[in-house]
Amino acid sequence: MSQTKKSKGLYGMWLGLLGVAIIIGMVAAFRLFTEGHGLFNTNDVIIWSLPLGVYIFLALTSSGLTILASIPLVFEVKKYDTVAKRLVFLAIATLMGGFVSIGLELGNVFHMIYNFISPNFSSPIWWIGFIYSIELLTLVLKFWRMHVGDWHSRFSKVLGNISFFGALVAPLMIGAVFGLTESRVTYFGPVMSIYCLLLAFLSGIALSLFYDLMYARVTGKDVSEKKVEICNEFTRIFSYALGTVIVFTILKITIESATFVPEFLNYHKFKHAFGAWRIFHTEVIFGLFLPFVLMAIPSLRVSNTARMMAAALTLLGTLAMHMEILLAGQSRPVGPKAEHYPEFLSYFPSIWEWLVFLLAVAVMLLLYTLGERYLNLEEAPA
Amino acid sequence: MPRYAMIIDLQRCVGCSACSIACRNENNVTDGIYWSNKITQTSGTFPNVRYHYMPTLCNHCQNAPCVRGCPTQAMHKLDNGITMHDPKKCIGCKYCEFNCPYGVIYFNWDTPHKTWRNSRPLIKGATSSPAEEVKKVRGKAIPYYNPEREATLPGIRPRGVVEKCTFCDHRTRKGNLPYCVEACPSDARIFGDINDPNSEVSKLLGKFRPFRLREQLGTEPHVFYIRDFNPANYQPSKGGI
């Protein structure tokens, strides 16, 4: 069998697989719209679950990709021009995946639209909806301008600047959803906003790195020297981002484990969603420390396999960290709800929640695939 | 404009839950949702142990985190201080429930009063079905449906939105007391206008040392607790070592 025929077959199989995943996800969506959230393993204590965690992860990753794209598009670092178009497209596709997840979490697509048109300026949730909608619009317009060859006109630059600004503010707002929750001391404060921004950048650079390496591996195309250099520099940025998040995470864990504030004592009793070794959660060990160690060893840092593994671990780790944060703060019933529930609640997603996850990821991957096929994502201005 | 508040006298409260039952009837509240609820606390260890009972409901906070956080203003304040919810505007994000420091907001995860909608008889040919029972008494989804609730809120709130106590705003606007206050057999709940210095609530707040739940959060709850129920006695003692 010729190489072309084999790759065509694989491509068809990949599309078929995504199609099946999307059909299964649509069936789940229909069930959710008709039967409601009784299908989720949630209750009046564990209120937000996997679909919201997936939304936060994908939306933040999209912000991270947009921030990364701003290096060539806003700050005009020309040598990164060759990756800019792909970064913008990945940001759009990732955000679309996030919107699928939040749409199903809300249980009604029209609710997302209503959220947009009925503002409450004191609500971080309203701001998130508003900013991400604007961000999606400006990213799509920016991509269109780039696609038609207009990279640096005044209009194109304004679009780039707006999406960059949105990508900076939206993670702060996601953090504020938790940070403004007086009822849950473990979340309260500006720390959550800064943490979300850092995690956004980390997962954005991890996805970009993983995607580029995977793309090169799947297509088997020769990688230009210029692209190798960009990959090396992105690996370095990735390592710095990992280091920053590690410092922040250790600080957070230290405070949580040292304090005697009653609400924080949750952490001593709470059975961590993914297990823990002493005070370190599993996802922090495998999703932050291990990738950092891999990238700190010079011989591994230059290996594409090690880079891909580190990036994949980081992506899984950040998703798990979002889930851990989400669940740990909700694990204990508030006020009279303790009458009807145990002291601490554990959570495992229902099949329907997994299917929401599947649909969101499948939509995102389908967009990646079609974009890569038809939109010439490696294009750069002459 | 009045500013409504409630005082709960813990010395008078006997923990009979009449308030909770009255609330369910008045507001057609479905299973699993508690507009009126309680916190039970035990102090000490056996055999030196006591049981405390604290009724709870929406605190109708002045600085309500649920109102601040609601993205669509479905949760809003009325001029009389009542924290009200509009299910038509609610997008089901559940942020109010997440944000409420008092655990008094609930989400309709499923179709409300599902049991009563069942059209299958318990014993075929012998008993009627729950749905037939509802029809027989001309109820609406439930046999004890209270249509008066519809004055300011859907009589039964739909699936996918939150709900909570409204201080029986449909009654207070007609000059009636909230139904939990009316139903309390020991007059442990006192309701009125906190802006009026001659109201019962103002007098009682001046007479006793009231406290509110999680006051340190600055939410300014408008449900106050006074006194405590403890008939225990003990011989004067200075302890010993």
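Residues numbered from 1 in each chain as written. Chains lettered and ligands numbered in written order. Predicted model: local features only at pLDDT ≥ 70, side-chain atom pairs only at ≥ 80, totals over all residues. Heavy atoms only, no water.

1. Points about the confidence of the model for chain A
In step 1: Averaged over all residues, the pLDDT of chain A is 92; the fraction at 70 or higher stands at 97%.
In step 2: Mean pLDDT values over the elements of chain A span from 65, in helix H9 (residues 266–269) of chain A, up to 97, in helix H2 (residues 50–73) of chain A. (pLDDT = per-residue confidence, 0-100. Helix = DSSP H or I, 4+ residues; strand = E, 2+ residues; numbered from the N terminus.)

2. Focus: the environment of Val363(A)
Residues and elements named next belong to chain A.
In step 1: Within the secondary structure layout, valine 363 lies in helix H13 (residues 351–374).
In step 2: Along the sequence, valine 363 and threonine 94 sit 269 residues apart, while their C-alpha atoms lie 8.8 Å from each other.
In step 3: Discounting residues that sit within four places of it in the chain, valine 363 has contacts with Ile22 and Val100. (Contact = heavy atoms within 4.5 Å.)

3. Description of the pairing of strand S2 (residues 37–45) of chain B
All names here are of chain B.
In step 1: As defined by bridge partners, S2 adjoins strand S3 (residues 48–56) across 9 bridges and the pair is classed as antiparallel. Within S3, the residue paired with glycine 44 across the bridge is valine 49.
In step 2: Counted between consecutive antiparallel strands, the loop separating S2 from S3 contains 2 residues. (Pairing = 2+ DSSP bridges.)

4. Some thoughts on the packing of helix H7 (residues 191–219) of chain A against helix H8 (residues 225–258) of chain A
Angle between the axes and distance between the axes are the two parameters that describe a pair of packed helices.
Residues and elements named next belong to chain A.
In step 1: It is at 9 Å that the axes of H7 and H8 come closest, and there the two elements cross at 150°. What the angle tells us is that H7 and H8 run roughly antiparallel. For the pair H7 and H8, the sense of crossing is left-handed.
In step 2: Taken together, the residues of the contact of H7 with H8 break down into 19 nonpolar, 4 polar and 3 charged. (Axes fitted to C-alpha atoms, helices over the stretch in contact; angles between N-to-C directions. Parallel < 35°, antiparallel > 145°, perpendicular 65-115°, else oblique. Left-handed = near helix turned anticlockwise from the far one by under 90°. Nonpolar A, V, L, I, M, F, W, Y, C, P; charged D, E, K, R; others polar.)

5. Side note on unusual backbone geometry
Most peptide bonds take the trans configuration, and most residues that are not glycine carry a negative phi.
Residue and element names in this part refer to chain B.
In step 1: Cis rather than trans, the peptide bond between phenylalanine 46 and proline 47 has omega equal to 5°.
In step 2: On the secondary structure map, proline 47 appears in the loop between S2 and S3.
In step 3: In this structure, lysine 94 is a non-glycine residue whose phi angle is positive, near 70°.
In step 4: The residue lysine 94 is located in the loop between strand S5 (83–85) and helix H3 (95–99) in this model.
In step 5: Note on lysine 94: relative accessible area 1%, which makes it buried.
In step 6: If you check the backbone angles, glutamate 220 has positive phi at about 55° while not being a glycine.
In step 7: Looking at the element boundaries, glutamate 220 is found in the loop between helix H7 (200–207) and strand S9 (223–226). (Buried < 20%, exposed > 50% of the residue type's maximum accessible area, 1.4 Å probe, protein only.)

6. Notes on the interface of chain B and chain A
In step 1: Tallying the contact residues gives 38 residues for chain B and 41 residues for chain A.
In step 2: Contact with chain A buries surface across chain B, with Arg68(B), Phe98(B) and Trp109(B) losing the most and accounting together for 26% of the total.
In step 3: Between chain B and chain A we count 4 salt bridges in total.
In step 4: The shortest N-O distance in the salt bridge between Lys337(A) and Glu97(B) comes to 3.0 Å.
In step 5: Connecting chain B to chain A are 27 residue pairs in polar contact (both at pLDDT 80 or more).
In step 6: Those elements giving two or more residues to the side of chain B that touches chain A turn out to be S2, helix H2 (65–69), H3 and strand S6 (106–107) of chain B. (Buried area = accessible area lost by both parts, 1.4 Å probe. Salt bridge = Lys/Arg side-chain N within 4 Å of Asp/Glu carboxyl O. Polar contact = N/O pair within 3.5 Å; in protein donor to acceptor, adjacent residues only side chain to side chain.)

7. Quick look at the pattern of salt bridges
In step 1: Counted according to the given criterion, the structure contains 25 salt bridges over all chains.
In step 2: The partner of Glu256(A) in a salt bridge is Lys252(A), with the nearest N and O atoms 2.9 Å apart. Of the two residues, Glu256(A) and Lys252(A) both sit in helix H8, 4 residues apart, roughly one turn of that helix.
In step 3: Note on Glu256(A): relative accessible area 5%, which makes it buried.
In step 4: Where Lys114(B) meets Asp110(B), a salt bridge forms, and the shortest distance between an N and an O atom there is 3.3 Å.
In step 5: It is possible to trace a salt-bridge network through shared partners that takes in Arg86(A), Asp212(A), Lys227(A), Glu372(A) and Glu378(A).

8. So, H13(A)
Residues and elements named next belong to chain A.
In step 1: When the terminal C-alpha atoms of H13 are compared, their 34 Å separation across 24 residues agrees well with the 34 Å that a helix rising 1.5 Å per residue should span.
In step 2: Taken together, the buried positions of H13 are occupied by Trp352, Glu353, Leu355, Val356, Leu359, Ala360, Ala362, Met364, Tyr368, Thr369, Gly371 and Glu372.
In step 3: One or two residues past the end of H13 sits asparagine 376, with phi positive at roughly 50°. (Expected span 1.5 Å × (residues − 1).)

9. Regarding the sheet that holds strand S8 (residues 189–193) of chain B
The pairing of strands in a sheet happens through backbone hydrogen bonds and is either parallel or antiparallel.
All names here are of chain B.
In step 1: Judged by pairing direction, the sheet is mixed, and its 3 strands sit side by side in the order S8-S1-S9 without closing on themselves. Among the strands making up the open sheet, the edge pair consists of S8 and S9. On average, each strand axis in the sheet is tilted by 25° relative to the strand beside it, whichever way the strands run.
In step 2: As paired elements, strand S1 (residues 4–9) and S8 share 5 bridges and run antiparallel to each other. Residue pairing across strands places methionine 6 opposite phenylalanine 191, the latter belonging to S8.
In step 3: Against the sheet, H7 makes contact with S1, S8 and S9, and its axis sits at roughly 115° relative to S8, the strand it touches most.

10. What to know about empty space enclosed by the protein
Residues and elements named next belong to chain A.
In step 1: Per the counting criterion, the structure on display carries 9 cavities of 30 Å³ or more.
In step 2: There is about 110 Å³ of room inside the largest cavity.
In step 3: For the largest cavity, the lining is made up of 13 residues, of which Tyr195, Lys252, His281, Glu324 and Ile325 are closest to its centre.
In step 4: Contributing elements (two or more residues each) for the lining of the largest cavity: H8, helix H10 (282–296) and helix H12 (304–328).
In step 5: Of the residues belonging to the lining of the largest cavity, the class tally is 7 nonpolar, 2 polar and 4 charged. (1 Å grid on protein atoms, 1.4 Å probe; cavity = no way out; pocket = protein on both sides within 12 Å on 5 of 7 lines; lining within 4 Å. Points joined across faces, edges and corners; volume = space filled by probe spheres on them.)

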